[in-house]
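Analysis of the macromolecular model
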Amino acid sequence: MILAPLARVPLTALASADAPPPAGEALTLPLLFIAGRSGAPRLGLSLLATGSAEHAGIWDVRVKLGDADVSAWVTGTIRTEAEEGAARIAELQLLPGGPYSLASVSGRAVQIDLQCQPDGVWHRRFTGVVELPELEVGSKLLTLHATDARNDTLATKTRQQLATLLGGSWSDTVFSADADSLRYAEDRLSTLQASYDLDVYRQPRLTAWRATPPTLRFDAGIILDGSLRLQTNRLSELVNTVVSSFEFRYPRLIEQQHTFTWSNDQPLREFFANKFRFPEKTTVESAAGGVSGWGMLSARFDPAPPSQTWQENGVVYNWKNPFTDQPDADPYCSRAQVAMAWRGAQDVMEKWTVTVTAPDSVAVHGVRKQDGQHGQLAVETDTSAWENRQGLAAGDLDQLPSQGRAEANAGIRTLQAVAAAQIAASHRNTRLTFQMPAHSTLDVCHSIAVEHPHASGTGKVQRLVETLDTGNGQATVEVTMVLSTALVVGTVPATPLPAPPTPPKPPPPAATSAGGITVLDKSSMATLQHDGFLGFSDEPSTDGAQRPSEFRISAPEVPAALRDPVEVAQKLEHKLALPADPLILNP
């Protein structure tokens, strides 16, 4: 052990056995007790260090490289660093002459164990592999840089394994569908208010950011003098409002119906006078079938008038209809009603604004806004069957498997989770850092309490830097504790992220609410410029006359409201409750 004339760690010094003090008395010396490795020279002074036995007293370290114990070749300082959400790293130096060489150490397993007291329990402080060996050519000192290879534990897993291990949210409407496993894992972690790292045995764990009741307490008796410091983030780094966006595009199947009617309502005397004829039913159907973009839904016909004879002004008129007794078989009609429909697919774009705010923070700092991520989903499907009147039904195609409403909702929920994590991370903005003798079990998964005359608080360990100096016998750890501070809390209850509501279906445009009707020109008024029936005959009967004719139908224009893309604005908001870890600064 080594004594230095600085009082930083409390101790009680007792006289040696050769000169015992009076019973019940103790001699207190203003000395720094720098605990060294077992086997260091002993002084004729018995020392009892106050504090927890979990702290390094007369400590020792054990290092294994592969299966070999190389502790005897360790020299200088062993430094290990652990930080939440990052790989644990270690650095140490080995003297020449051990069971290793520069060529053999890369990739070999490394274990570092700490013994805080003589004959005490060995505690694992690091497990990993050598990532980079460095040889100092002159002294032959071999420096090993080791890591627990956190990223490798993610990169080698399947997506299903990562989803089970990490949880969280993920959607290919927000993140890259082609991401490798590591990127996929980090994307999932970005939706969590938690960190993924490995423990000292290299076992994976997921630790929530929010501090739990402290499992360890450290006071001024163990914290090294002058090492306590407090740091906060810049105001510019604080975020309490995140606005993300999501676009969901899908086709809406539209049908515009229209009815065309034609009738010959002339008295037969005018019919004869105008030398008119009746159109064939097939002519009407052919005209309906020739309208581009429209299809015939149905056709109804009234037959031509039955055979009859009448006299007017001394003239006898004789109308012959061979189908008088078979009106359904009559190929001619005196009236036609044709129902037709136009079908198309209209693009509907839902534009979502997804907002997450922390009202407690806004009340103190004002709005600190940041633009969130953007997601999008476009339903790709063939609508030609609908347009060709084959299957399907009118309505929105927003429920298709693997690219419908469920996938859009997953993307929106993912944006919410990312935004909530961003806000929560920015409010972990206070760090209390201090040094103390190395601790055998402390890790970044722990919540701790600090009780010091200058500052007291409770939070979660964010970073540990442990230094074991085999030269001067110092064994210390620098602890960084992170605290979430909102200053004002309690106005917002903690609630889960809401599910996106299903937008109401907008009413169809006025043009589709009722079928339009076009009355075609009457027989005697039909011209080349008008729709209707153009057909005249020199033989005023239905028997034996040549009947050149034309039945003409022109489709109405489809309203722009049915053809142009439709935009639907949607909003989803969530108020985030922030934790507030206690922190007291004493004068």
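This text gives an overview of the structure that appears in the document. Quick caveat: nothing in here was measured; it's all calculated off a predicted structure.

Bringing the overall build of the chain into the picture now. Within the chain, the secondary structure is distributed over 11 helices and 31 strands. Scored against the burial criterion, the 587 residues of the chain give a buried share of 45%. If you take every contact in the chain between residues at least 6 apart in sequence, the share linking residues at least 24 apart comes to 75%.

Enumeration according to the criterion identifies 4 aromatic pairs in this entry. Ring geometry for F218 versus F434: centroids 6.2 Å apart, planes at 50 degrees, classification tilted. Residue F218 is found in strand β14 (residues 216–219), and its partner F434 is found in strand β23 (residues 430–437); the two are separated by 216 residues along the sequence. Taken together, the ring pairs connect W170, F175 and Y184 into an aromatic cluster. A cation over an aromatic ring shows up here: R62 above the ring of W122, its NZ or CZ 4.5 Å from the ring centre. Above the face of the W386 ring, R343 is positioned so that its terminal group lies 3.6 Å from the ring centre.

Its identity as a non-glycine residue notwithstanding, K140 has a phi of 65 degrees, on the positive side. By the element assignment, K140 lies in the loop between β10 (122–135) and β11 (142–147). Residue classification places K140 among the partly exposed positions, given a relative accessible area of 43%. The phi dihedral of A149 falls on the positive side, at around 55 degrees, and the residue is not glycine. Topologically, A149 is positioned in the loop between β11 and α2 (150–155). Given the relative accessible area of 8%, A149 is considered buried.

Secondary-structure assignment places R463 in strand β25 (residues 455–469). With relative accessibility at 23%, the residue R463 sits in the partly exposed group. Spatially, the C-alpha atom of R463 lies 6.1 Å from that of V479, the residues being 16 residues apart in sequence. With residues near it in sequence (within four places) discarded, R463 still touches R79, E81, A82, E83, V444, E478, V479 and T480. Within the local environment of R463, its side chain forms a polar contact with the side chain of E81, the two groups lying 3.1 Å apart.

The next point concerns the pairing of strand β13 (residues 204–208). A one-sided burial pattern is seen for β13, the buried positions being R205 and T207 and the unburied ones P204, L206 and A208. Sheet topology note: the strand β12 (residues 194–198)/β13 ladder contains 5 bridges and is antiparallel. The residue bridging D197 from the neighbouring strand is R205, located in β13. The turn linking β12 back onto β13 is made up of 5 residues, and R202 within it adopts a positive phi angle of 70 degrees.

With that settled, consider helix α6 (residues 281–289). Among all positions of α6, only K281, T283, V284, A287 and A288 are buried. Considered in projection along α6, the buried side chains sweep an arc of 165 degrees and stay on one side of the axis. The exposed set on the far side of α6, more than 90 degrees from its buried face, consists of T282, S286 and G289.

A few words on the pattern of salt bridges. As enumerated under the stated definition, the model contains 24 salt bridges in all. Here D113 ties to R62 by a salt bridge, and the two come within 3.1 Å at their closest N and O atoms. Of this pair, D113 sits in strand β9 (residues 109–115) while R62 is found in strand β5 (residues 60–65), placing the two residues 51 residues apart along the sequence. Since its relative accessible area comes to 4%, D113 is described here as buried. Beyond isolated ion pairs, a larger network of salt bridges with shared partners links R79, E81, E83, R229, R463 and E478.

This next bit is on the side chain of T207. Mapping T207 onto the fold places it in strand β13. Residue contacts for T207: discarding those within four places in its chain leaves A194, S195, C445 and K460.

So, about the side chain of R124. With respect to the helices, strands and loops of the structure, R124 is situated in strand β10. Of the residues examined, R124 reaches a relative accessible area of 14% and is grouped as buried. Within polar-contact distance, the side chain of R124 engages the side chain of D113 at 2.5 Å. Of note is the side chain of R124, whose polar atom sits 2.9 Å from the side chain of T127. Aside from chain neighbours lying at most four places away, what touches R124 is Q111, I112, D113, V200, Y201 and S440.

Turning our attention to helix α9 (residues 405–426). Taking 1.5 Å per residue, 22 residues should reach 32 Å; α9 reaches 32 Å between its end C-alpha atoms and fits that length. Among the 22 residues of α9, 16 are classified as buried, and the element is accordingly described as predominantly covered.

On to the nonpolar core. A general tendency of soluble globular proteins is for nonpolar side chains to be buried together. Judged by nonpolar contacts, the single largest core of 27 residues is most densely connected at Y196, F246, F248, W352 and I412. Broken down by secondary-structure element, the contributors of at least two residues to this core are α3 (159–166), α4 (181–189), β12, β16 (241–263), β20 (333–357), α9 and β30 (566–575). The contact partners of F248, leaving out residues within four places of it in the chain, are V348, M349, E350, L377, V379, D398, Q403, G404, R405 and A408.

Analysis parameters
- Residues numbered from 1 in each chain as written.
- Predicted model: local features only at pLDDT ≥ 70, side-chain atom pairs only at ≥ 80, totals over all residues.
- Heavy atoms only, no water.
- Helix = DSSP H or I, 4+ residues; strand = E, 2+ residues; numbered from the N terminus.
- Buried < 20%, exposed > 50% of the residue type's maximum accessible area, 1.4 Å probe, protein only.
- Contact = heavy atoms within 4.5 Å.
- Phe/Tyr/Trp six-rings, centres within 6.5 Å; stacked < 30°, edge-to-face > 60°.
- Lys NZ or Arg CZ within 6 Å of the ring centre and 35° of its normal.
- Polar contact = N/O pair within 3.5 Å; in protein donor to acceptor, adjacent residues only side chain to side chain.
- Pairing = 2+ DSSP bridges.
- Arc of directions from axis to C-beta.
- Salt bridge = Lys/Arg side-chain N within 4 Å of Asp/Glu carboxyl O.
- Expected span 1.5 Å × (residues − 1).
- Core = buried A, V, L, I, M, F, W, Y, C linked by side-chain atoms within 4.5 Å.

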